[in-house]
Amino acid sequence: MVEKRACSVCGSLHPIEELTAFDDTYLCDICLHTETTRCQRCGERLWVDDNADDSDISLCQSCYDRFYTTCEDCGRIILQDDAY
């Protein structure tokens, strides 16, 4: 018998080998791609709601804090090295 588990987001049942473990949860492929993203700097997977982005770039909070800042004029996220 195939072991099934519910997706932590949508609740649909899937064989456990079809789910991805993430942040103490199990996600189906659809929820993994709609509810999470990857930091474009380090590649860490994060929840979409925790994304420190401005819609142009996905960033984890750690990479944002270390390498980026928000422009005070336009509100876009830019590299700290490009800020003045």
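The paragraphs below set out a description of the structure included in this document. In this text the structure is predicted, and so the values were computed from the model without any measurement.

1. A closer look at the environment of phenylalanine 22
Then comes step 1: Its location among the elements puts phenylalanine 22 in strand β3 (residues 20-22).
Then comes step 2: Phenylalanine 22 sits in the buried class, given a relative accessible area of 13%.
Then comes step 3: Each C-alpha atom of the pair phenylalanine 22 and cysteine 71 lies 32 Å from the other, and the pair is 49 residues apart in sequence.
Then comes step 4: Discounting chain neighbours no more than four positions away, the residues touching phenylalanine 22 are Leu27, Thr36, Arg45, Leu46 and Trp47.

2. Some remarks on the packing of aromatic side chains
Then comes step 1: On inspection of all chains with the given rule, the structure shows 1 aromatic pair.
Then comes step 2: A cation sits over an aromatic face here: arginine 41 above phenylalanine 67, 3.7 Å from the ring centre.

Basis of the calculations
- Residues numbered from 1 in each chain as written.
- Predicted model: local features only at pLDDT ≥ 70, side-chain atom pairs only at ≥ 80, totals over all residues.
- Heavy atoms only, no water.
- Helix = DSSP H or I, 4+ residues; strand = E, 2+ residues; numbered from the N terminus.
- Buried < 20%, exposed > 50% of the residue type's maximum accessible area, 1.4 Å probe, protein only.
- Contact = heavy atoms within 4.5 Å.
- Phe/Tyr/Trp six-rings, centres within 6.5 Å; stacked < 30°, edge-to-face > 60°.
- Lys NZ or Arg CZ within 6 Å of the ring centre and 35° of its normal.

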